[in-house]
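Analysis of the macromolecular model
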Amino acid sequence: VLGKEGSVDFLDSSPWPVSILDAYININETEFLTYDQYNLRNPVPYPTVHPDALHWRPTAAAPGPRKAMPAQIHAAVLGTHATLSLEPVDMLRRFAEDVQFRAV
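In terms of regular secondary structure, the protein chain is built from three helices and two strands. Starting at the N terminus, the α and β elements of the protein chain follow one another as α-α-β-α-β. Counting every position in the protein chain, which comprises 104 residues, the buried fraction comes to 12%. Long-range pairs, those at least 24 residues apart, make up 41% of the contacts in the protein chain between residues at least 6 apart in sequence.

For the rest of this paragraph, the subject is the pairing of strand β2 (residues 100-103). Direction of pairing for strand β1 (residues 72-75) relative to β2: parallel, over a ladder of four bridges. Looking at the pairing, Ile 73 lines up with Phe 101 of β2. Chirality of the crossover, the property in question, places the unit of β1, helix α3 (residues 82-95) and β2 among those that are right-handed.

This next bit is on a nonpolar patch on the surface. A cluster of nonpolar side chains, contributed by Leu 21, Tyr 24, Ile 27, Tyr 35 and Tyr 38, occupies part of the molecular surface with about 460 Å² of accessible area. Turning to its location among the elements, Tyr 35 is positioned in helix α2 (residues 35-41).

Turning our attention to the pattern of salt bridges. Applying the stated criterion across every chain yields a total of two salt bridges. Residue Arg 41 pairs with Glu 31 through a salt bridge whose shortest N-O separation is 3.0 Å. Of this pair, Arg 41 sits in helix α2 while Glu 31 sits in the loop between α1 (20-25) and α2, and the two are 10 residues apart along the sequence. We classify Glu 31 as partly exposed; its relative accessible area is 43%. Between Arg 94 and Asp 90 there is a salt bridge, with the nearest N and O atoms lying 3.0 Å from each other. Of the two residues, Arg 94 and Asp 90 both sit in helix α3, four residues apart, roughly one turn of that helix.

Thresholds applied
- Residue positions are given per chain, counting from 1 as you read along its sequence in written order.
- This being a predicted model, a pLDDT of at least 70 is required before a residue's local features are given, and a value of 80 or more before pairs of side-chain atoms are given or counted; all residues contribute to the totals for chains, interfaces and linings.
- Derived side-chain values reflect all non-hydrogen atoms in the structure, with water molecules and hydrogen atoms excluded from consideration.
- We count a stretch as a helix when DSSP gives it H or I for four or more residues in a row; a strand needs E for two or more, and each element gets its number in order from the N terminus.
- Each residue gets one of three labels from its accessible area relative to the maximum for its type: buried under 20%, exposed over 50%, partly exposed in between, using a 1.4 Å probe on protein chains only.
- Should any heavy atoms of two residues lie within 4.5 Å, those residues are counted as being in contact.
- Here a strand pair is declared whenever DSSP counts at least two bridges between the two strands.
- Crossover handedness is defined here as right-handed if the route from the first strand over the helix to the second strand goes clockwise, with the strands pointing away from the viewer.
- Patches here are clusters of residues that have more than 30% relative accessible area and form no salt bridge, with a 9 Å joining cutoff for like charges and a 5 Å cutoff for nonpolar side chains (Val, Leu, Ile, Met, Phe, Trp, Tyr).
- Only the protein chains shown count as cover for residues, and all accessible areas are computed by the Shrake-Rupley method using a 1.4 Å probe.
- Salt bridges, as used here, are contacts in which a Lys or Arg side-chain nitrogen is within 4 Å of a carboxyl oxygen on Asp or Glu.

It is worth stressing that arrangement in space is one thing and function is another; only the former is reported here.
Right under this line is the structure:
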């Protein structure tokens with residue numbers, strides 16, 4: 001069912017009544033639980049600090065000099081799942097729009 005890579009991303013778009021999380025939480029288990037049932041049995045505690053209290057505080061020190069980006073980057077992307085393998089390269093392209101990426 002999972003293919004040779006153990007890929008379960010097809011479940012999100014399938015009509016099957018299980019999710020990826022249902023599959024993961026039931027590995028090596030003898031009793032099947034849905035994700036909702038698992039959450040009821042294993043509740044996640046509330047954070048000790050309210051998320052609204054967390055925010056970035058700038059440092060007092062002045063930032064150091066910026067390093068120049070190279071004009072060209074050579075990248076080799078390895079993996080069996082093309083979409084997941086190319087995601088880091090796509091993020092780098094978005095971050096460094098002025099840099100030319102070349103495949104190795």
